[in-house]
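Per-entry structural report
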Amino acid sequence: MAGFSELSDSELLQAEELREAEEPRSARDPDGAGKRKQAPRPLDRYALRYLCVTDLAGQSWCEQQAVFGMEEPRPPAPETAALLDAGKSIHLARELEVHDLVKIPTTSREDSWAIKILNLLSMIPVLQAVGHVRELPVFGVIEGVFVSGIIDELRYNTKGELELNELKTRSRPFMPGEAQRKKDHFQVSLYKYIFDTMVQGQLKPDVFTNHIHLRPEQPLGCQLRKHAQKIGFMITSFGDLLELMHLNLMFSDIPGIDCLKIEYSHQESSVPLGTEVVPYEEATVKEKAQYFLAYWKGQREARGVDIEEAWKCQSCSYSEICDWRKKRAEGLEKRSGPKKSK
Ligand code: SF4
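Residues numbered from 1 in each chain as written. Predicted model: local features only at pLDDT ≥ 70, side-chain atom pairs only at ≥ 80, totals over all residues. Heavy atoms only, no water.

Some thoughts on the overall build of the protein chain
Worth spelling out the cut-off: Think of it this way: any DSSP run of H or I at least four residues long counts as a helix, any run of E at least two long counts as a strand, and we number them from the N terminus. Relative accessibility thresholds used throughout: buried, under 20% of the residue-type maximum; exposed, over 50%; partly exposed, between the two (1.4 Å probe, protein chains only). A contact between two residues is defined here by any heavy atoms of the two lying within 4.5 Å. Computed with a 1.4 Å probe, the accessible areas rest on the Shrake-Rupley method; for each residue, only the protein chains presented here act as cover.
Check the secondary structure of the protein chain and you find 12 helices and eight strands. For the protein chain, the proportion of its 342 residues judged to be buried stands at 47%. The contacts in the protein chain between residues at least 6 apart in sequence include a share of 70% that link residues at least 24 apart. For the protein chain, the computed accessible surface area is about 18,100 Å², with 51% contributed by carbon and sulfur atoms.

Here's the deal with the site of the ligand
Quick note on the threshold: If even one non-hydrogen atom of a residue comes within 4 Å of a molecule or strand, that residue is called near it. Residue classes follow a fixed rule: Ala, Val, Leu, Ile, Met, Phe, Trp, Tyr, Cys and Pro count as nonpolar, while Asp, Glu, Lys and Arg count as charged, and any other residue, Gly among them, counts as polar.
Around the ligand, a shell composed of Cys62, Gln64, Gln65, Phe68, Gly304, Val305, Cys313, Cys316, Ser319, Cys322, Trp324 and Arg325 is seen. Put simply, the parts of the chain that give the shell around the ligand at least two residues each are helix 4 (53-71) and helix 12 (323-335). For the shell around the ligand, a count of residues per class yields seven nonpolar, four polar and one charged.

Quick notes on the side chain of Glu153
Spelled out, the test is: Polar contacts, as used here, are pairs of N or O atoms within 3.5 Å; protein pairs need one atom able to donate a hydrogen and one able to accept it. Residues neighboring in sequence count only if both atoms are side-chain atoms.
Here Glu153 lies in strand 5 (residues 145-156). When its relative accessible area of 6% is taken as the criterion, Glu153 is described as buried. A polar atom in the side chain of Glu153 sits 2.9 Å from the side chain of Arg155. Ignoring anything within four residues of it in the chain, the contact list for Glu153 reads His132, Val133, Arg134, Glu163, Leu164 and Asn165.

Observations concerning a nonpolar patch on the surface
For the record, the criterion: The residues that make up patches have over 30% relative accessible area and no salt bridge, and they are joined within 9 Å when like-charged or within 5 Å when they are Val, Leu, Ile, Met, Phe, Trp or Tyr. Take a side-chain nitrogen of Lys or Arg and a carboxyl oxygen of Asp or Glu: if they are within 4 Å of each other, that pair is a salt bridge.
The grouping of Leu247, Met250 and Phe251 at the surface amounts to a nonpolar patch, some 300 Å² of accessible area in total. Tracing the chain through its elements places Leu247 in helix 10 (residues 238-250). On the basis of relative accessible area, Leu247 is assigned to the partly exposed category, the value being 41%.

Here we look at the packing of helix 6 (residues 109-128) against helix 10
Two measures define how a pair of helices packs: the angle their axes make with one another and the distance between the axes. Put simply, the test is: Between N-to-C directions, angles cover 0 to 180 degrees, with each direction set by a line fitted to C-alpha atoms, over the stretch in contact for helices. Roughly parallel covers angles under 35 degrees, roughly antiparallel covers those over 145, roughly perpendicular covers 65 to 115, and oblique covers all other angles. Crossing handedness: left-handed means the near helix sits turned counterclockwise from the far one by under a right angle, and right-handed means the same turn made clockwise.
It is the contact of helix 6 with helix 10, at a shortest axis distance of 10 Å, that shows an interaxial angle of 25°. Looking at the two axes, helix 6 sits roughly parallel to helix 10. The handedness of the crossing between helix 6 and helix 10 is left-handed. Here helix 6 contributes Glu110, Trp113, Ala114, Ile117, Leu118, Leu120, Leu121 and Ile124 to the contact with helix 10, which in turn contributes Phe238, Leu241, Leu242, Leu244, Met245, Asn248 and Leu249. When the residues that make up the contact of helix 6 with helix 10 are grouped by side-chain class, the tally is 13 nonpolar, one polar and one charged.

Quick look at the side chain of Arg109
Note on placement: Arg109 falls in helix 6. Among the polar contacts listed, one links the side chain of Arg109 to the backbone oxygen of Ile212, at a separation of 2.6 Å.

Some remarks on the nonpolar core
To be explicit about the condition: Within this scheme, the nonpolar core is defined by two criteria: the residues are buried Ala, Val, Leu, Ile, Met, Phe, Trp, Tyr or Cys, and they are joined through side-chain atoms within 4.5 Å.
Within the largest apolar cluster, 71 residues are counted, with the highest numbers of intra-cluster contacts made by Leu136, Leu154, Phe195, Phe208 and Trp296. Take this core: its biggest share by element is 10 residues, from helix 6. The contacts of Leu154, once residues within four sequence positions are left out, are Leu127, Gly131, His132, Val133, Leu136, Leu162, Glu163, Leu164, Phe195 and Ile257.

Points about the environment of Pro255
By the secondary structure assignment, Pro255 is in the loop between helix 10 and strand 7 (259-266). A relative accessible area of 34% places Pro255 in the partly exposed class. When the C-alpha positions of Pro255 and Phe195 are compared, they lie 9.6 Å apart, and in sequence the two are 60 residues distant. Non-local contacts of Pro255, meaning those with residues more than four positions away in its chain, are made with Tyr156, Leu162, Phe195 and Val199.

A few points about the pattern of salt bridges
Applying the stated criterion across every chain, the model contains 13 salt bridges. Between Arg215 and Glu110 there is a salt bridge, and its shortest N-O distance comes to 2.8 Å. Placement of Arg215 in the loop between helix 8 (206-212) and helix 9 (222-230) and of Glu110 in helix 6 is noted, with a sequence separation of 105 residues between them. Classification of Glu110 by relative accessible area gives buried; the value is 0%. Close ionic contact of Glu153 with Arg134 constitutes a salt bridge, the shortest N to O distance being 2.9 Å.

Describing the pairing of strand 4 (residues 133-142)
Put simply, the test is: At least two bridges found by DSSP between two strands are what make those strands a pair.
Of all 10 residues in strand 4, nine are buried; the element is thus mostly enclosed. Where strand 4 lies against strand 5, nine bridges are found, and the strand directions are antiparallel. For Phe139, the partnering residue across the bridge sits in strand 5 and is Ser148. Adjacent in sequence and paired antiparallel, strand 4 and strand 5 are bridged by two residues, among which Glu143 carries a positive phi angle near 50°.

A word on the pairing of strand 5
Counting buried residues along strand 5, 10 of its 12 residues qualify, which places the element largely inside the surrounding structure. Direction of pairing for strand 2 (residues 51-52) relative to strand 5: parallel, over a ladder of two bridges. Paired with Leu51 across the strands is Val147, a residue of strand 5. Sheet analysis places strand 5 next to strand 6 (residues 162-170), joined by four bridges and oriented antiparallel. Across the sheet, Tyr156 pairs through a bridge with Leu162, a residue of strand 6.

Below, the structure is given as C-alpha cells:
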C-alpha cells in the first residue's frame, strides 16, 4: 500500500496554504485596503470553510488562545517548536513502517482534497482485511460545520476490537496533567465520533461540495489519476472520486472504533511514559462539540480560562494582548477591595 501526499516541503505549510487558497478575497480584504470585514460568524470572519479536530481540541485548552491563533498566528516557543518537529518525525517514521509515501503534484483545490480521499480509500481494504493503518483521514459534519482530522493509527487488538492509538510526544519525562489529558481525550473521542459516522455511510458526496465549495466536475490532475489507477480506481473528475468514497464506505462493513488509547512518550529519550485508555461517552462528546462550535457559528463570545486554570496564561504567547486575562485580574482586584494607602 502507498500513502499519498502533496508535493511540498512542509505539511504545516500545506495546511496553511490550503486554507489560504480557500479563503475568498471578499471576506479577507473586501475593499482591497487591508480592512477586514466584520462578519457576524467567526467562521465567515476568518473565511473558514471547515475546522480541524485539533482546532476544537485547542478550544478545550483555552478557547481565546485558539481564536488568537486563528487571528494572529505566531510561531510557537522554541521548546514547543522542537516538540512539534520531533512529533512530526516520529509520526512520519511510523507511517513509513506501514506504507511508502508517494509525492503527487497538485494543480487545484480539488486535487489537494482528492489526495486525502485517495488515502482514505486505499486504507479501507486494509481495515477490511483486519490489517492496520496509519494517518487515516476522517471527515464529517458536526452541528452543520465540516470537520476534518487525521487518526494516527487504527489496528485490531487481540480481542478483535478496532482500536485507535494516538501518539503524543512530551518534552517532560512524565505523564501530562489533568488539563492536557482532558484536551487529548476530547481529540480522540472526536476522531471516533467522525470515523463511526463515516463507516455508517453518512459521509455523502454533497458534503464536500456544499461545505467546502469544491467542484465535482473539476477534472483531476493527470499524475493523480495515474496513481489512482495504480491502486484500482478509474476516475476522471473530483465528483467520480466522491461517489467512489461514498459507496466504498457505505458497503465496507468496517466496524466502529471499539477502543481509544493515547500513548505518551518522552521526546528526548523516546522512552514510553504510559498509555491511557480513554472512556467514550458520545453524549458528552456531542455536547462539548456543540458548545465549541457555537462560538464559530456566532452564537456566543469566545471565553478564556477561568481563575482555576490561570496558570495556563503564564506560558501563553498572547497573554500581553489578552483582554480576558486583564478583565479577570481586574475582577479579582475589585472583589478583594481597594488597596489600603500607607
Ligand atoms: Fe487564554 Fe490566558 Fe492565553 Fe488569554 S492569556 S488566551 S486566557 S491562556
